[in-house]
Amino acid sequence: MRVPLSWIKEFVHIDERPEEISDRLTMLGLEVESIENLDGDVIFDVSITPNRPDCLSVAGISREIAIGFRREFRLPSIKRGIRPSLSGEVIVRNPSFRIIIDDPQLSGRYTARIIKDLRVGESPQWLRRRLEQCGLRSINNVVDITNYVMLGYGHPLHAFDLNTLRGRIIRVATAGKNQRIKTLDGVEREVPEDTLLIWDGERPVAIAGIMGGMETEVRPDTTDILLEAAHFLPSSIRRSSKRLGLRTEASYRFERGTDIEGLAYCADIATELILEICGGELVEVIDEYPSRFVESEIRLRSERVKRIIGEVKEDEIAEILNLLGFPFRKEDGIFIVKTLSRRPDIKAEIDLIEEIARIRGYEKIPLEMPRVAMVSAMDMGKGMRVLRDLELIKSILRARGFSEAINFSFMDIEKLKRLGILEGDRRLEAVEIRNPLRKEEAFLRTNLLISLLEDLITNIRYGIKDVMLFEISRVFFKRSGQLPDERLHLGVIYWRDRRPVLWKDELHPYYLLREIMDGLFHEFRINSNLYKASEEPFLHPYQSADIYISDKKIGYLGILSPPTCDRFDIRTDSPVAVLEIDLDTLLNERGSLPTFMALPRFPYIERDLAIIVDTSLEAERLRRIVLEYPSELIESVSVFDYFKGKNIPEGKKSIGLRIRYRSKDRTLTEEEIEDLHQRIMELLTTKTGGLIRK
Amino acid sequence: MLEPSELKERFEKEIEALSELSGEVTVREGLTLLKARYLGKKGIISEALKSLQSLPKEERPSAGKRINELKEYIEKRLLEKERELQQKEYQRRLSSQEIDISLPGRLQRFGSEHPLSRTLREIIDIFVSMGFSVEEGPEVEFDRYNFEALNIPKDHPARDMQDTFYITDEILLRTHTSPVQIRVMERKRPPIRMIAPGKVYRCDADVTHSPMFHQVEGLMVGEDISMTNLKAVLVEFLRRLFGPETAVRFRPSYFPFTEPSAEVDIGCLFCAQKGCRVCKNSGWIEILGAGMVHPEVFRAVGYDTERYTGFAFGLGVERITMLRYRIDDIRLFYENNLLFLEQF
């Protein structure tokens, strides 16, 4: 809200520098965003929090300044013969207009002042300047005065051309079905059913609290007006304003709460100005006030004040209540404070405690470390354990050269189709956002791959030749009638442009990511992991694996298929390696703490064998066959050789296994092992149809 | 027979001559030859000892002594020469194994921690060291947890402070990490001391606003928690994060779920509070929001508002990170350009 210093000075005597005023306001919770020097005046731009509708005017802000500097705050008094309306009394016994309020909940008060024989014209210079300083443009003297009073004193007003109103009735009622009205801005609007409207005897003439109707607006030839000052239920105005997509200075104030008592004063100020500037005569004041403001009492206990903001002396509490203008008395050491119609935000004890803290200044609250018991280690929160695990995984990846990426949780669902993901795949069960910023961000991610591919493209565009990124983020799967299933995923992408490098690295990128995966399984003591040829449609069918723990698929790793690269416009001859797993599952499957086994006291014997099997047979399966052989002498099995091509038939491969034999209680002899080794080789050939190489 | 002194001179010449030979093999051969000539069974020293017989009896002891001294000397010199030779051979073998120690290792890229993760980690570490637990909550939330239980009913103007992405009427993307407060309080009784880091969403996008960003929520509830504690804990936190000299100020603000509410500022890091572009000439930078938990929030989770008091705070990780590294565009955080990421 823009507030000119010259206007503030009409309410409070203040000589302080603008910076001092600004600081004081900011420290009172009215943050000054900027101070602008404009034509010899100073304009403060004050940001008003939604709880302070009383500060949406120059007078309101001036009142705070007066409190802040402990000065007197002066409101101009009403002159001429219009004062009686202040008390809500009508000055005409038989009004020429009838005001009907359908629902006193929605509109608690409606006042009308009828002014006749005025002249609509240009506003005087001072008035135009004030409006411009505050960011409004001048329309004509009558409208300008209603705006001036709203800016100056806080209550929105509306002037109708009296002679366009039909039936000598003003009715406040909701729209009902299929209602249309053409508003001041020239737009014909269809209004939702429960929108509160102002009607004359025949038709709607304004959208209550939001905007007047075009047909009844004040025009250059208007001579008689009906000046409206009314109260409307804030939530009703807010709902209507939102639905209509129409926000005005008036609706902004009404939806935050206006002063039902103070509105008459504002109408009087406006009337006074109209009579002064536009001429004319006030002939009637009508005040329909079915929901009278009833002040309530708040019990404010000083020991409660102490518990919330530290000790404050009772004298100081009393002084602050006086400064704020709250009437109070003391009963049994408790402050009984009356509420004020202009401060709808002060309803309960805690609201007053905040006011006390605010007016004293937060800097008066001392610093004191809490005295607390230790938190049970069992109760450190699930988040802590997960964080520790993630730190570990992240440092493993960083040590291998991968940098951490963070992408938006949104995705373009079209891209899933580009990956060839088919109907029935869970990744298509995405959560849709109703009001996305862009249509490419209309769904929540069900995978990290798409984002990482976009990151790859960004980096290639920047000329980066080795792209190594990972991301750990949640993905979301739709569940009807409840919150989505949020799963923590790990995604990794690796791409290196083919060009000479210092150290030749012959390792195929599949194995580079595989190492990471094997490392994670090791770290979390999972040994039921398995890699099977991948069924993902976007991966290279012969260079990719799906990753399993027992028989549960947790993700995949491998090389993007050439058509996938084409579809995503990744132009490269070098393989793009990707990995994505469900980390929640991985972490849940973690193995228990190992039990120590005594170190071996006797030497081992190692034997190698090579077996020719189908290329599709997983090396891991060969290992398992050996490990599952019922002999205590088998200590470990590793794959030490892999060979294809020369001397090996088409569709076959040779796998070299190294078996380590050891006994717990004696030194093994070669002869003893020879027999066992033979039987293992026989088992391998019968189970796999393979052939032992000599 | 020559005098021992003459012999010594001759030996010295011969052993020095070895150094002029080229090739270690010849040197080694020369050394063997020299050793045999002087110390061998029929070597010069043996001969000299034998020739003692021909001397008069009284001269023998002293002549013998001199010969023995000469023998020791020769042995010592030969050994030295032998060692020298070994050393040379050893040096030659190692030098043939020379690698270029000026070349870098195989890893061409070094993984970086995302600057947001780094800030988040530091924030979490500080609070954990003060005994706060770390909690989690869903990123897709019920309206009830995100707003209503936090004293923000439907049609409340405070909803304008946070532009919300909606999934359905009742389900939305959380606009802050505050719903985790509610979930934790529903689950357990005080005392509570927790933080909840995580992603939050608002439909807003420009140089300083991102539709997704990170917050850390904090909550402390007990029978005796006041705003004096709130101030002490947050000042401690900010000084640990930004340095022990950091100026901190609390000023009144408004959040529907806290009362009194405070905006917390730190003295501008860029201009020593003299006023600059970053702090809009105020000398202060807004860093987090905080306040005493509103009694309505306690009511929503069934806590006795007379018995328990507490404070809550929320801070934006992006903002702190931008300040610490002087990053001027929030979008850089999510572009994942390695030219950016590898600076951290």
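Residues numbered from 1 in each chain as written. Chains lettered and ligands numbered in written order. Predicted model: local features only at pLDDT ≥ 70, side-chain atom pairs only at ≥ 80, totals over all residues.

**Student:** Whenever I open this one, the overall build of chain B confuses me. Can you help?
**Tutor:** Across its full length, chain B carries 12 helices and nine strands. Relative to a compact globule of 344 residues, whose C-alpha radius of gyration would be 20 Å, chain B shows 43 Å and is clearly more extended. Based on the C-alpha atoms only, the size of chain B along its principal axes is roughly 130 × 45 × 45 Å. In chain B, buried positions account for 39% of the 344 residues. If you take every contact in chain B between residues at least 6 apart in sequence, the share linking residues at least 24 apart comes to 66%. (Helix = DSSP H or I, 4+ residues; strand = E, 2+ residues; numbered from the N terminus. Rg over C-alpha atoms; globule rule 2.2 N^0.38 Å. Buried ≥ 20, exposed ≤ 12 C-beta atoms within 10 Å, placed from the backbone. Contact = placed C-beta atoms within 7 Å.)

**Student:** Just checking my understanding: could you explain the environment of Arg106(B) for this structure?
**Tutor:** Here Arg106(B) lies in the loop between helix H4 (60-95) and helix H5 (115-129). Classification of Arg106(B) by C-beta neighbours within 10 Å gives exposed; the count is 11. When sequence neighbours within four positions are dropped, the list of residues in contact with Arg106(B) reads Trp503(A) and Asp505(A).

**Student:** What should I look at first to understand the interface of chain B and chain A in this one?
**Tutor:** The figure often quoted for interface size is the accessible area lost as the parts come together. With 70 residues of chain B at the contact, the number on the chain A side is 78 residues. Residue classes in the side of chain B that touches chain A are distributed as 39 nonpolar, 16 polar and 15 charged. (Nonpolar A, V, L, I, M, F, W, Y, C, P; charged D, E, K, R; others polar.)

**Student:** Sorry, what's going on with helix H8 (residues 227-242) of chain B here?
**Tutor:** Residues that lie three or four places apart on an α-helix share one face, since the helix turns once every 3.6 residues. The end-to-end C-alpha distance of H8(B), which contains 16 residues, comes to 22 Å, matching closely the 22 Å that a straight helix rising 1.5 Å per residue would cover. Of the residues making up H8(B), those classed as buried are Met227(B), Thr228(B), Asn229(B), Leu230(B), Lys231(B), Val233(B), Leu234(B), Phe237(B) and Leu238(B). The inward-facing, buried residues of H8(B) abut helix H9 (302-309) of chain A together with H5, strand E6 (248-255), strand E7 (258-267), strand E8 (284-293) and strand E9 (309-316) of chain B. Positive phi appears at Gly243(B), one or two residues downstream of H8(B), with a value of about 115°. (Expected span 1.5 Å × (residues − 1).)

**Student:** What exactly am I supposed to notice about the packing of helix H2 (residues 18-27) of chain A against helix H3 (residues 58-68) of chain A here?
**Tutor:** Axes are the key here: two packed helices are described by the angle between their axes and the distance separating the axes. All names here are of chain A. Packing of H2 against H3 brings their axes to within 10 Å, and their N-to-C directions diverge by 95°. Considering the angle they form, H2 stands roughly perpendicular to H3. Residues Ile21, Arg24 and Leu25 of H2 form the contact with H3, whose own contacting residues are Glu64, Ile65 and Gly68. Tallied by class, the residues present in the contact of H2 with H3 amount to three nonpolar, one polar and two charged. (Axes fitted to C-alpha atoms, helices over the stretch in contact; angles between N-to-C directions. Parallel < 35°, antiparallel > 145°, perpendicular 65-115°, else oblique.)

**Student:** What is the right way to read the pairing of E9(B) from this model?
**Tutor:** For a regular strand, the rule is simple: side chains alternate between the two faces of the sheet. Residue and element names in this part refer to chain B. Within E9, seven of the eight residues are buried, leaving the element largely enclosed by the surrounding structure. Taken together, the eight bridges between strand E5 (residues 212-222) and E9 define a ladder with antiparallel strand orientation. Looking at E9, one finds that Met220 is bridged to Phe311. The pairing of E8 with E9 spans five bridges and is antiparallel. What sits directly across from Met292, in E9, is Phe311. (Pairing = 2+ DSSP bridges.)

**Student:** Teacher, can you tell me more about the sheet that holds strand E14 (residues 281-288) of chain A here?
**Tutor:** All names here are of chain A. The four strands lie next to each other as E6-E13-E5-E14, forming an open sheet whose pairing is antiparallel. Since the sheet does not close on itself, it has two edges, and those belong to strand E6 (158-161) and E14, each with one partner. Averaged over all pairs of adjacent strands, the angle between their axes in this sheet comes to 20°, without regard to strand direction. One ladder, built from four bridges, connects E6 with strand E13 (residues 225-231); its direction is antiparallel. The partner of Ala159 across the bridge, within E13, is Leu227.

**Student:** Explanation requested: the nonpolar core in the structure shown.
**Tutor:** In terms of nonpolar packing, the biggest core is built from 143 residues, with Leu452(A), Val492(A), Ile493(A), Val576(A), Val578(A), Ala290(B) and Phe311(B) touching the most fellow members. Core analysis: the next-biggest nonpolar cluster, separate from the first, contains 80 residues, Phe44(A), Leu56(A), Tyr153(A) and Ala264(A) among them. (Core = buried A, V, L, I, M, F, W, Y, C linked by C-beta atoms within 7 Å.)

**Student:** Whenever I open this one, unusual backbone geometry confuses me. Can you help?
**Tutor:** One can expect most non-glycine residues to show negative phi and most peptide bonds to be in trans. Cis geometry marks the peptide bond from Pro190(B) to Pro191(B), where omega comes out at 0°. Following Glu259(B), the chain continues into Pro260(B) via a peptide bond in cis, with omega recorded as -5°. By the secondary structure assignment, Pro260(B) is in strand E7. Here the phi dihedral of Asp117(A) falls at roughly 60°; this positive angle occurs in a residue that is not glycine. The phi dihedral of Asn178(A) falls on the positive side, at around 50°, and the residue is not glycine. Classification of Asn178(A) by C-beta neighbours within 10 Å gives exposed; the count is 8.

**Student:** I'm lost on the confidence of the model for chain B in this one. Help?
**Tutor:** Predicted coordinates in regions of low pLDDT should not be interpreted in detail. The predicted model of chain B has a mean per-residue pLDDT of 90, with 99% of residues at 70 or higher. For this predicted complex, the interface confidence comes out at an ipTM of 0.88, alongside a pTM of 0.87. (pLDDT = per-residue confidence, 0-100.)

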